[in-house]
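Read off the chains here:
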Amino acid sequence: MTENDPHGQGPEAQDKPDHSAGNEYAAPNPWSAQSAHSEQTQQYAEQPQQHNPYASPGQPYYQQYQPGGTAVYPPQQQQQQRGQGAGKLVAGVAVLALLVGGGAGAVGGYLASDGTTSSASSLEAPQPAKQTGNAPAGSVEAVAQKVSPSVVQLQVVGRGGQANGGSGFVIDGNGYILTNNHVVENAANGGGQIQAVFQDGRKAAATVVGRDPSSDVAVVKAEGVSGLTPVELGRSDDLKVGQGTVAIGSPFELSGTVTSGIVSALHRPVRAGGDQGSQATVMDAVQTDAAINPGNSGGPLANMSGQIIGINSAIYSPPSSGQSQGGNVGIGFAIPIDQARRTADEIIKTGKATQTFVGATVTDAPEGGAAIREITPGSPAEQAGLKAGDVVTKIDERVVDSSDALVAAIRTKAPGDQVKLTLAGNNVIDVTLGGQPVPTN
């Protein structure tokens, strides 16, 4: 998976990593994805395994499609010699009739026109009237008109002069912009420069307010600008597969690009982004077939009412010879806006984000589900009575078929939320989730 991320530089998808190193979520990821930004591939997973059915671009789980040749059907066999004469005679009569009819029509037309001829030309036809009025409600055009003024192109020059770019969108008239962490992380902590380019052509320097590598969310603030139009945030907890979507951003630095599609899947555990490759991210992604390419990272995914339902973050790209970064193949992933909204609000108010956690390392269970490997002393997991060896098969009413699915589901919750974990054997344990500061560097 790659986006090469939707912004302009992204991590390349990897096979499942070894999760025995004590990662809090130690989750092998079935949908490792490259982020959707554009220039440099970052590695977020380790140790590719051949058994992974959703392997990265380096280890595809399917053979590259080899288009077959188009079958050329043989011409119809000629009739037997005995029937050829009659066939030719009938055909000849038909042709003669056509010729006669055509000739008579031509003569009649000539006489009726008194010897003059006429012809029509598209070039001589008058232009149609200009389009007037507003775009129909619920159309892609209407969504583009509503959302595009709030979409921002982010140009980032990081440490050592490394340049990359991505997208973002205005969430506050004072200049706050929501985007992906992997779009701006190279310029964080004074390590580079960010320039925001608005739809009307204005440019402004921007700084990182705060970021969360674990959810791939960041907030930047454009300086010295006013009169910005914030987007309308929607919700992602009631999305339906098949409903329409519109993605807007700057793929390959082509700012203001609009594409459309549908929600093609929900609750897809995906790894994308990360902080210099040192911390894998697992998001509970909204999958869409709206075209997302490198440079779309951080841009909005909207519903057909023009409300933002996600942040475009990653795409899946199968390997292709001679290409350093992937492009759209109809499988893109967005961070659900409910999760991003909570993180952004916390960043703006406190300058940092809090990560929801349960306090256990997990891995895939052979029979399916998330197997508990270690319990952190004093953690919510220990307080709830979870033990090493337990296998979680459901969180609330959601089926858990892998460790990444459990991690993704937990990260959609807020610290203090209570969840029910169903264990193999149908034991149910109530857990109150905790919160901890997100480490950044």
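Residues numbered from 1 in each chain as written. Predicted model: local features only at pLDDT ≥ 70, side-chain atom pairs only at ≥ 80, totals over all residues. Heavy atoms only, no water.

1. Observations regarding the overall build of the protein
Helix and strand counts for the protein stand at six helices and 22 strands. Put simply, the protein has 441 residues, and 47% of those count as buried. (Helix = DSSP H or I, 4+ residues; strand = E, 2+ residues; numbered from the N terminus. Buried < 20%, exposed > 50% of the residue type's maximum accessible area, 1.4 Å probe, protein only.)

2. Digging into the pairing of strand β7 (residues 217–222)
With respect to burial, β7 is a largely interior element, five of its six residues being buried. Both strand β4 (residues 176–179) and β7 contribute to a ladder of four bridges, which runs antiparallel. Counted as the bridge partner of tyrosine 176 is lysine 221 from β7. Alignment of strand β6 (residues 203–212) against β7, held across six bridges, turns out to be antiparallel. In the sheet register, alanine 206 faces β7, and the bridge partner there is alanine 222. Where β6 hands over to β7, the hairpin turn is made up of four residues, of which aspartate 216 adopts a positive phi near 60°. (Pairing = 2+ DSSP bridges.)

3. A short note on the environment of arginine 373
For arginine 373, the location among the structural elements is in strand β17 (residues 370–375). As a C-alpha pair, arginine 373 and aspartate 390 span 17 residues in sequence and 8.1 Å in three-dimensional space.

4. Looking at the nonpolar core
Core analysis: the biggest nonpolar cluster contains 27 residues, and Val147, Phe169, Leu178, Met283, Ile308, Phe333 and Ala340 have the highest contact counts within it. At the level of secondary structure, the elements contributing two or more residues to this core comprise α2 (140–147), β4, β7, β9 (244–249), β11 (282–288), β13 (307–315), β14 (332–336) and α4 (337–350). Counting residues per element, this core draws most heavily on α4, which supplies four residues. With residues up to four places along the chain from it excluded, the contact list for isoleucine 308 reads Val147, Phe169, Val231, Glu232, Leu233, Gly234, Arg235, Pro300, Leu301, Ala302 and Ile337. Ala408, Leu421, Leu423 and Ile429 belong to the second-largest nonpolar core, a separate cluster that totals 23 residues. (Core = buried A, V, L, I, M, F, W, Y, C linked by side-chain atoms within 4.5 Å. Contact = heavy atoms within 4.5 Å.)

5. Section: the pairing of β6
Summarising the sheet, strand β5 (residues 193–197) and β6 pair through four bridges and their orientation is antiparallel. Residue pairing in the sheet places isoleucine 194 in a bridge with alanine 206 of β6. Linking two consecutive strands that pair antiparallel, namely β5 and β6, is a turn of five residues; a positive phi of about 95° is found at glycine 201 within it.

6. Notes on α4
Owing to its 3.6 residues per turn, the α-helix aligns residues three or four sequence positions apart on the same side. The terminal C-alpha atoms of α4, which comprises 14 residues, lie 19 Å apart, in line with the 20 Å expected from a rise of 1.5 Å per residue. Among the residues making up α4, those that are buried are Ile337, Gln339, Ala340, Thr343, Ala344 and Ile347. End-on view of α4: buried residues confined to an arc of 150°, all on one side of the axis. Among the residues trailing α4, glycine 351 stands out with phi positive, at a value near 85°. (Expected span 1.5 Å × (residues − 1). Arc of directions from axis to C-beta.)

7. As for the pattern of salt bridges
Applying the stated criterion across every chain, the model contains nine salt bridges. Aspartate 396 is paired through a salt bridge with lysine 413; the nearest N and O atoms lie 3.4 Å apart. With a gap of 17 residues between them, aspartate 396 in the loop between β18 (391–395) and β19 (398–399) and lysine 413 in the loop between α6 (403–411) and β20 (418–423) connect regions that are remote in the sequence. Relative accessible area serves as the criterion here: at 24%, lysine 413 is assigned to the partly exposed category. (Salt bridge = Lys/Arg side-chain N within 4 Å of Asp/Glu carboxyl O.)

8. So, the packing of aromatic side chains
With the rule as written, the count across this model stands at zero aromatic pairs. Stacked on the ring of phenylalanine 198, the Lys or Arg arginine 202 has its end atom at 5.8 Å from the ring centre. Directly above the ring of tyrosine 176 sits lysine 221, whose terminal nitrogen or CZ lies 5.6 Å from the centroid. (Phe/Tyr/Trp six-rings, centres within 6.5 Å; stacked < 30°, edge-to-face > 60°. Lys NZ or Arg CZ within 6 Å of the ring centre and 35° of its normal.)

9. Digging into unusual backbone geometry
For histidine 267, which is not glycine, the phi torsion reads 55° and is therefore positive. Mapped onto the fold, histidine 267 is located in strand β10 (residues 257–271). A relative accessible area of 48% means that histidine 267 is categorised as partly exposed. Not every positive phi belongs to a glycine, and aspartate 396 is a case in point at roughly 55°. Here aspartate 396 falls in the partly exposed class, since its relative accessible area comes to 27%.

10. Digging into the side chain of glutamine 287
Checked against the element boundaries, glutamine 287 lands in strand β11. Glutamine 287 sits in the buried class, given a relative accessible area of 8%. Excluding anything up to four places from it in sequence, glutamine 287 contacts Ile262, Val263, Ser264, Ala265, Arg268, Ile331, Gly332 and Phe333.

11. Some points on the sheet that holds β4
Spatial strand order, β2-β3-β4-β7-β6-β5: six strands in a closed barrel with antiparallel pairing. Taking the axes of each pair of neighbouring strands and ignoring which way they run, one obtains an average angle of 40° across the sheet. (Axes fitted to C-alpha atoms, helices over the stretch in contact; angles between N-to-C directions.)

12. Side note on the side chain of glutamine 339
Along the chain, glutamine 339 turns up in helix α4. Excluding anything up to four places from it in sequence, glutamine 339 contacts Ser215, Arg411 and Thr412.

13. Comments concerning the environment of glutamate 253
Position of glutamate 253 relative to the elements: it lies in the loop between β9 and β10. Expressed as a C-alpha distance, the spacing of glutamate 253 and proline 294, which sit 41 residues apart in the sequence, is 8.6 Å.

14. Some points on the confidence of the model for the protein
The share of residues in the protein with pLDDT of 70 or more is 69%, and the mean pLDDT across the chain is 77. Here residues 1–32 is modelled with pLDDT under 50, and outside its nearest four sequence neighbours on either side it reaches 216 contacts, counting other chains as well. Confidence drops under a pLDDT of 50 for residues 38–113, and excluding neighbours within four residues, the segment shows 92 contacts in the predicted structure. (pLDDT = per-residue confidence, 0-100.)

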